[in-house]
Amino acid sequence: MSTEPETTQEAGPKVPEVPEVPEAEGQETAPEDGRAAQGGEPGGVAEGAEGAEGEGASRLSEAEAELAAQRVERERIERRKAERQAPIDSGAGLSGKAADLLAAVRAVESGEKPAATVFAGPAPAPRRPAPEPVRRPQPAPAATAPGAPAPEVVEAVRRVLDEGGAPETLAPQTAAALGEGADTVLREDPWQLLRVTGVRPEQADGFARTLLGEACGPDDERRARAVTGWLLEQAALAGHTALELPALIAALAQRGVPDPDAAVQSALAEGEALAFQDALEEPGAPAPRDGDGERDDEAEEPERPVRVLVGLERYALAEESLADGLARLVNSLAKEAAEPWETAAAGAPGGAAELARALAGHGLVLHTGGEAARAEPAALLGAARAAGLRAFAVCHSGDGRGRLTALLGEEAEEGAVGTVAGLLSGAEGPGRDADGALDLDLLIVLDAPQLDVESAAMLVESLPDGARLVLSGDPAVLWSAGPGRVFADLLAARACPQIASRLPDPGPLGELVSGIGIGELNQVEAPGKEIVIVPVRDAAEAVHRTVQLVADSVPRAIGVPPEQTVVITPGHGGAAGTRALNTALKGRLNPGPGRFGGFDPGDRIVYSPAPGRTVPGRVVNADADGLHLECAGAAVVVPRERVEQCVRHGWALTAHQALGSRWPAAVVVLPGDAAQTLSRPWVYTAFSRAERHLSVVHGVEQALPKAVAEIPPKPRTTRLQTLLRTQVASAG
């Protein structure tokens, strides 16, 4: 590895790494929020899912169109679920199945499982900076929805907040989260303030004490129920679709809930959460039979170990709908004969032909590989369309779409490639039939590890019977910003063919990243200064060196201008987080007074048009309509009241925000205080964002090689594997 283009020392035998940021890296959807690296963390903002393309042309914005499409899809999902027996009758009191569940819970709690490690602890991490303004859940959709709260509702909520000593600035979010009559809801149950993202239990407790006086107590059932919902939402922000009951019980106890069992019962009875019993292993041997070979009905079947899970309804339904849809694809027979797929295989090279042959007999195929491997699904797309099949490919970001289109070359057809967001909103893609299904024979999804359960469920539910689905991606990168680990769960379930690309990423950067993927931080020869290590002593020096690299050294020595260089750091807060780095980079690259809500024309930004998504862009200007942006080639106008919520400076990003995109040069900043937050997926993701040059501003010493060698993805609790096991036979 080379030294910094001008003055830095040669790196030692190993490049130190940054541990994955527990919360800072996490939620990154809102440009500035952080979701914990693989597992995310409880208090950050949703991470940026890529792929949003702003639409300035039509009156209905893309965000509104997507939210409307999501509502329609969720209604379809709920109608389908209503046709089946729900796992728990959440609307009734605790009787029947719910009562049986709680009996099972007692059995589970009696011994075998420790209550810990489901998510990174309900208490805030010791080093976590001031709470990030968690932007993922309700506020953004409510603000963009056509039925935004009326001014009089907001004003009524503002008065209640003022009475309780809460910031009046929370009024719009509170009104959006609680709906009509929000002021009355707050007076009757002040802990409903926890439904507003970014509010923590201790803050809601203070609000309730001021509002209720002596009527407020820690054993209040309203508090217990609200804290239960808040913990489940924090778990979702950390990537879990549900929590094991012992972990939820322990978290409630840590939050000062006197009777955690009763709190869970109350949440279940009120329908604010759902509970599940999932078998931990395949069924055991069949029950004994009598001498005639008949089953002995009197014989007891051996008990199977189960885990009891509790989760929020929206994620539970999405995960069940996803499992049902995947099982439908896997188990359904093809509408067409095998000839079109054989024709596509004949016209495709190498790995693309292998994919086409697999699709001839299977509805779902998984494809794994790095950046170079994207050439295979690109070739498959071209061959399938040439064979007369209705094929379409989606990526998560505008940059990913551009890179895929470039791979198609001159053969690229108009309307063959889009983004996940564009397809779901109806702005891109082939359109839908009368039943709402996409008019497709083949859908290829690149960057599949970024799929969360909700977007994956909507995609799969939209495919007609007999259609084929290819999920392609690099399994070594960070998981999705939203709840779930869809791609990893499908790989582990082995419910469909899996094809691993044999195309390696080229050059010193490809060699470095490939080693990280298998847990080795190798010394790589970089004769063209493709990799440079810049040692620093503290965060202040890290910021100084980063600005120097972006503004001077990389342009002069490598030939990459500042606008084509990305800075990646583990978190938003801290002395070398995205906020501090963006302030320093703006001061050097585009100084100005920030006259438009902190922004000036020419500022690089990241914009979150909808929860869970970010798209990079730049500020054009501002007027009475709001802040005018250019994002992925499209004009976007962000209303003034939404700028603070949806737009952040974007010279420096977190690794999750950078997922789905690549830049000619990347500067990865590893300040000393990030040492405990690094992981192998974080390092792999950050380092692999560079196409030509990588500078590592290194202040974590041996934490970097340790993270690469020893720290795997943070675990996430999901149900997808269990759900698929009962519906799909293993593919090996």
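For the structure given in this document, a descriptive report is provided here. (Residues numbered from 1 in each chain as written. Predicted model: local features only at pLDDT ≥ 70, side-chain atom pairs only at ≥ 80, totals over all residues. Heavy atoms only, no water.)

**Remarks on the overall build of the chain**
Along its length, the chain carries 26 helices and 20 strands. With 732 residues in all, the chain has 59% of them scored as buried. Just so you have it, the chain exposes about 28300 Å², and 50% of that area is on carbon and sulfur atoms. (Helix = DSSP H or I, 4+ residues; strand = E, 2+ residues; numbered from the N terminus. Buried < 20%, exposed > 50% of the residue type's maximum accessible area, 1.4 Å probe, protein only. Areas by Shrake-Rupley, 256 points an atom, 1.4 Å probe, with all protein chains shown as cover.)

**Here we look at the sheet that holds strand 16 (residues 634-638)**
On the basis of which strands lie adjacent, the open sheet formed by five strands has the order 16-15-14-13-17 and antiparallel pairing. Taken across any chain shown, the strands that pair with only one partner, and hence form the sheet edges, are strand 16 and strand 17 (647-649). In this sheet, adjacent strand axes meet at a mean angle of 40° when their direction is disregarded. (Pairing = 2+ DSSP bridges. Axes fitted to C-alpha atoms, helices over the stretch in contact; angles between N-to-C directions.)

**Focus: the pattern of salt bridges**
Under the definition given, this model contains 28 salt bridges. Where Asp278 meets Arg719, a salt bridge forms, and the shortest distance between an N and an O atom there is 3.0 Å. Of this pair, Asp278 sits in strand 3 (residues 274-279) while Arg719 sits in the loop between helix 25 (703-710) and helix 26 (720-725), placing them 441 residues apart in sequence. By relative accessible area, Asp278 is classed as buried at 4%. Arg314 is the partner of Glu454 in a salt bridge, and the nearest nitrogen-oxygen pair spans 2.9 Å. Remark: Arg314 occurs in helix 11 (residues 313-331) and Glu454 occurs in helix 17 (residues 453-461); sequence separation between them is 140 residues. Overall, the relative accessible area of 9% leaves Glu454 in the buried class. Among the charged side chains, a salt-bridge network with shared partners connects Glu371, Arg374, Asp399, Arg403, Asp447 and Arg662. (Salt bridge = Lys/Arg side-chain N within 4 Å of Asp/Glu carboxyl O.)

**Describing the packing of helix 8 (residues 221-237) against helix 10 (residues 260-269)**
To describe two helices that pack against each other, one gives the angle between their axes and the distance between the axes. The interhelical angle for the contact between helix 8 and helix 10, taken along N-to-C directions, is 75°, at an axis separation of 8 Å. Considering the angle they form, helix 8 stands roughly perpendicular to helix 10. Contacts between helix 8 and helix 10 pair Glu221, Ala224, Arg225 and Thr228 from the former with Ala263, Val264, Ser266 and Ala267 from the latter. When its residues are assigned to classes, the contact of helix 8 with helix 10 shows four nonpolar, two polar and two charged. (Parallel < 35°, antiparallel > 145°, perpendicular 65-115°, else oblique. Contact = heavy atoms within 4.5 Å. Nonpolar A, V, L, I, M, F, W, Y, C, P; charged D, E, K, R; others polar.)

**Description of the packing of aromatic side chains**
On inspection of all chains with the given rule, the structure shows zero aromatic pairs. A cation over a ring is seen here: Arg719 above Phe276, with NZ or CZ 3.9 Å from the ring centre. (Phe/Tyr/Trp six-rings, centres within 6.5 Å; stacked < 30°, edge-to-face > 60°. Lys NZ or Arg CZ within 6 Å of the ring centre and 35° of its normal.)

**Some details on helix 18 (residues 486-493)**
With seven of its eight residues buried, helix 18 lies for the most part within the structure. Those residues of helix 18 not exposed but buried are Val486, Phe487, Ala488, Asp489, Leu490, Leu491 and Ala493. Tucked inside the fold, the buried residues of helix 18 contact helix 11, strand 5 (364-368), helix 17, strand 9 (468-473), strand 10 (498-500) and helix 26. After helix 18 finishes, the residue Arg494 shows a positive phi value of roughly 50°.

**Quick look at the environment of Ile516**
For Ile516, the position within the fold is in helix 19 (residues 507-517). Taking the C-alpha atoms as reference, Ile516 lies 8.9 Å from Ala476; in sequence the two are 40 residues apart. Beyond its immediate chain neighbours, meaning those up to four positions away, Ile516 contacts Leu521, Arg680, Val683, Tyr684, Phe687 and Val708.

**Considering the sheet that holds strand 5**
Pairing is parallel in the open sheet, where six strands are placed in the order 7-6-8-9-5-10. Since the sheet does not close on itself, it has two edges, and those belong to strand 7 (417-419) and strand 10, each with one partner. The mean inter-strand angle of the sheet, taken between neighbouring strand axes irrespective of direction, is 20°. Pairing of strand 5 with strand 10 involves three bridges; the strand directions are parallel. Looking at strand 10, one finds that Thr368 is bridged to Ala500. Its contacts with the sheet put helix 18 on strand 5, strand 9 and strand 10, and the angle it makes with strand 5 is roughly 105°.

**Comments concerning unusual backbone geometry**
Residues other than glycine seldom take positive phi values, yet Arg494 does so here, at roughly 50°. At Glu701, a residue that is not glycine, the phi angle is positive and equals roughly 50°. Relative to the assigned elements, Glu701 resides in the loop between strand 20 (690-698) and helix 25.

**Overview of the pairing of strand 19 (residues 663-670)**
The element strand 19 is extensively covered by neighbouring structure, given that eight of its eight residues are classed as buried. As paired strands, strand 19 and strand 20 are joined by seven bridges and run parallel to one another. By the bridge assignment for strand 20, Leu670 is matched with His698. Handedness of the strand 19-helix 24 (residues 680-687)-strand 20 crossover: right-handed. (Right-handed = clockwise from strand over helix to strand, strands pointing away.)

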